[in-house]
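Structural features, examined
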Amino acid sequence: MTRNHARVAVALGLAALLLVLPLFAEKYYVQFATRILIMAIFAMSLDLLVGYAGLVSLGHAAFYGLAAYTLALVSPQYDGASLWTSLPLAVGAAALVALAIGSLALRTSGVYFIMVTLAFAQMLYFVFHDTKIAGGSDGVYIYVRPVADLFGWRPFSLENVAHFYYVTLALAATVFVALAVMLRSPFGRVIAGIRVNEHRMRSLGYATFRYKLVCFAIAGGLAGIAGYLAAAQHGNVNPDMMGWHLSGSGLMMVILGGMGTLVGPIVGALAMLALEIAFQGVTKHWQLLMGGFIVLVALFLPGGLIGLASAWRRRREGNE
C-alpha cells in the first residue's frame with residue numbers, strides 16, 4: 001500500500017467513525033465530540049490567518065464571541081430563533097466587524113498587528129462586560145436552541161444531542177472543504193505568496209492589502225460559525241467568549257496540531273481538549289502539565305503533532 005493509499009484509508013476510517021459515533025457513544029462523549037468540532041472550526045479559521053497568511057492575531061475570539069452574542073440577541077426569550085436566518089446573520093455580523101477591524105489593523109505589521117488586534121478585541125470585551133447590552137459581566141442565557149423549521153417541517157432538532165452533533169459535523173466538514181478549495185485557488189496562492197514575500201507580490205501588481213483584508217474577513221466569519229454553535233450548545237453567552245485567553249487557546253491549538261495545514265488545527269483542538277480533561281484528572285495544577293506538553297511539542301516537533309508521523313518515518317529511514 002502506497003503512502004497516499006494509506007492516507008485515504010485512514011481518512012475514510014476516521015470519517016466512518018465520526019458518522020457512527022452517536023450510535024454507540026454515551027451522551028457525554030457525543031457532547032464532548034461536538035465541542036471538539038466547534039473548536040476545530042475556530043482553530044481552522046485562525047490558522048487561515050496564522051498559518052497561511054502569516055498574520056498572528058490575538059483578537060480572533062472577538063468574532064467568535066460576537067456571533068454568539070448575535071444569536072443571543074436575536075433569540076426570543078422562551079422560543080428558538082430560526083437557524084436559517086440567525087446563523088447567516090451571526091456569521092455576517094462577525095465578518096463585517098472583522099472587515100472593519102482589519103481595515104485598520106492591517107495597516108500595521110508584526111508585533112504592532114498583534115497588539116492592535118488584541119486592543120480591538122479587548123474594546124469589544126469591555127463593551128459587553130461593562131454595559132447592559134446583553135447582561136453585562138453575567139452574560140445572557142439562550143433558553144431554547146435555534147429551530148430548523150422549513151414551512152412547518154422540521155428536518156432535525158438541535159435539542160437532540162445527536163442531531164446537534166451531525167449539524168456541527170456537517171458545518172466543520174463544509175469549512176474544511178471550503179478552505180481546501182480556497183487555498184488551492186488563485187486567491188489562496190496569492191495569500192501564500194504574501195506570507196512568503198509581500199514586497200515581491202506587491203511589485204508583481206497584486207493589491208496585497210485587499211487580499212489580506214478579504215482573508216481577515218473570511219477568517220472572522222468562520223470564527224463566527226464556531227461562536228454561534230458554542231452559544232447554541234451551552235445556552236450561555238458571556239464576555240469571556242471574547243477574551244484574549246480564548247484567542248491564545250486557539251493559537252496554541254494551531255501550533256500544537258501544525259500551522260499551515262488543514263488537518264493540523266483539527267488535531268490540535270482534539271489533543272488540547274482531550275489532554276485538558278486527562279490532566280484535570282491528575283492534578284488541580286493541570287495547566288502546568290499542559291504548558292509543559294506544548295513546550296515539548298514546540299521544541300521537538302516544530303511541525304506540530306501532524307508532523308509526528310513524518311518525523312518517525314524519517315528517523316526509521318535514517319536507522320536503516
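Residues numbered from 1 in each chain as written. Predicted model: local features only at pLDDT ≥ 70, side-chain atom pairs only at ≥ 80, totals over all residues. Heavy atoms only, no water.

In this section: the overall build of the chain. Check the secondary structure of the chain and you find 13 helices and two strands. Against the globule reference of 20 Å for 320 residues, the chain gives a C-alpha radius of gyration of 20 Å, in line with a compact fold. Projected onto its principal axes, the C-alpha positions of the chain cover 65 × 50 × 45 Å. In the chain, the share of contacts with a sequence separation of at least 24, taken over all contacts with a separation of at least 6, comes to 75%. (Helix = DSSP H or I, 4+ residues; strand = E, 2+ residues; numbered from the N terminus. Rg over C-alpha atoms; globule rule 2.2 N^0.38 Å. Contact = heavy atoms within 4.5 Å.)

Okay, the pattern of salt bridges next. The full count for this structure, using the stated rule, is four salt bridges. With a closest N to O distance of 2.5 Å, D149 and R154 form a salt bridge. The exposure class assigned to R154 is partly exposed, which follows from its relative accessible area of 43%. A salt bridge links R202 to E198, with the nearest nitrogen and oxygen atoms 3.0 Å apart. Of this pair, R202 and E198 both sit in helix α8 (residues 198-203), four residues apart, which is roughly one turn of that helix. (Salt bridge = Lys/Arg side-chain N within 4 Å of Asp/Glu carboxyl O. Buried < 20%, exposed > 50% of the residue type's maximum accessible area, 1.4 Å probe, protein only.)

Attention now moves to the side chain of T168. The residue T168 is located in helix α6 (residues 161-183) in this model. Within the local environment of T168, its side chain forms a polar contact with the backbone oxygen of F164, the two atoms lying 2.9 Å apart. Residue contacts for T168: discarding those within four places in its chain leaves T34, L37, I38, I41 and L229. (Polar contact = N/O pair within 3.5 Å; in protein donor to acceptor, adjacent residues only side chain to side chain.)

On to the packing of aromatic side chains, then. Summed over all chains, the structure comprises 13 aromatic pairs. Geometrically, the ring pair formed by F42 and Y64 is edge-to-face, given 5.1 Å between the ring centres and 65 degrees between the ring planes. A residue pair is termed long-range when its members are at least 10 positions apart, and F42 in helix α2 (residues 27-53) and Y64 in helix α3 (residues 61-74) qualify at 22 residues. Judged on exposure class, the residue F42 and its partner Y64 are both buried. Between F63 and F216, the aromatic rings sit 5.7 Å apart at their centres with planes inclined by 85 degrees, giving edge-to-face as the arrangement. In this pair, F63 is assigned in helix α3 and F216 in helix α9 (residues 208-234), connecting sequence segments 153 residues apart. Neither residue differs from the other here; F63 and F216 are each classed as buried. (Phe/Tyr/Trp six-rings, centres within 6.5 Å; stacked < 30°, edge-to-face > 60°.)

Right, let's get into a nonpolar patch on the surface. Side chains of V10, L14, L17, L19, V20, L23 and F24 sit close together on the surface and give an oily, nonpolar patch of about 700 Å² of accessible area. Relative to the helices and strands, L19 resides in helix α1 (residues 3-24). (Patch = residues over 30% accessible without salt bridge, like charges linked within 9 Å, V, L, I, M, F, W, Y side chains within 5 Å. Areas by Shrake-Rupley, 256 points an atom, 1.4 Å probe, with all protein chains shown as cover.)

Turning our eyes to something else, we now look at the environment of M242. Topologically, M242 is positioned in the loop between β2 (236-237) and α10 (244-257). We classify M242 as buried; its relative accessible area is 0%. Between the alpha carbons of M242 and R210 there is a distance of 26 Å; along the sequence they are 32 residues apart.

Moving on, we get to the packing of helix α4 (residues 83-105) against helix α5 (residues 110-129). Two numbers describe how α4 lies on α5: the axes approach to 10 Å, and their chain directions differ by 140 degrees. Between α4 and α5, the angle is such that the two are oblique. As for the relative orientation of α4 and α5, their crossing is right-handed in sense. Of α5, the residues touching α4 (which contributes V97, I101, L104 and A105) are F113, V116, T117, F120 and L124. (Axes fitted to C-alpha atoms, helices over the stretch in contact; angles between N-to-C directions. Parallel < 35°, antiparallel > 145°, perpendicular 65-115°, else oblique. Left-handed = near helix turned anticlockwise from the far one by under 90°.)

Here the focus is the environment of A119. Turning to its location among the elements, A119 is positioned in helix α5. Under the relative-accessibility criterion, A119 is labelled partly exposed at 38%.

Turning next to the side chain of H60. With respect to the helices and strands, H60 occurs in the loop between α2 and α3. Residue class for H60 comes out buried when judged on its relative accessible area of 0%. Here S45 takes part through its side chain, which lies 2.9 Å from a polar atom of the side chain of H60.

What follows concerns α2. With 27 residues, α2 extends 38 Å between its outermost C-alpha atoms, agreeing within 8% with the 39 Å of an ideal straight helix rising 1.5 Å per residue. Roughly 40 degrees is the biggest bend found in α2, and it falls at D47. Most of α2 sits out of view: 22 of its 27 residues are buried. Immediately downstream of α2, the backbone of G54 shows phi near 70 degrees, a positive value. (Expected span 1.5 Å × (residues − 1). Bend = angle between axes of the 7 residues up to and from the residue.)

Take the packing of α3 against α4 next. Orientation of α3 relative to α4, taken along the N-to-C sense of each, is 140 degrees, at an axis distance of 8 Å. It follows from the interaxial angle that α3 and α4 lie oblique. As for the relative orientation of α3 and α4, their crossing is right-handed in sense. Here α3 contributes F63, L66, A67, T70, L71 and V74 to the contact with α4, which in turn contributes S86, L89, A90, A93, A94, V97, A98 and I101. Residue composition of the contact of α3 with α4, by class: twelve nonpolar, two polar and no charged. (Nonpolar A, V, L, I, M, F, W, Y, C, P; charged D, E, K, R; others polar.)

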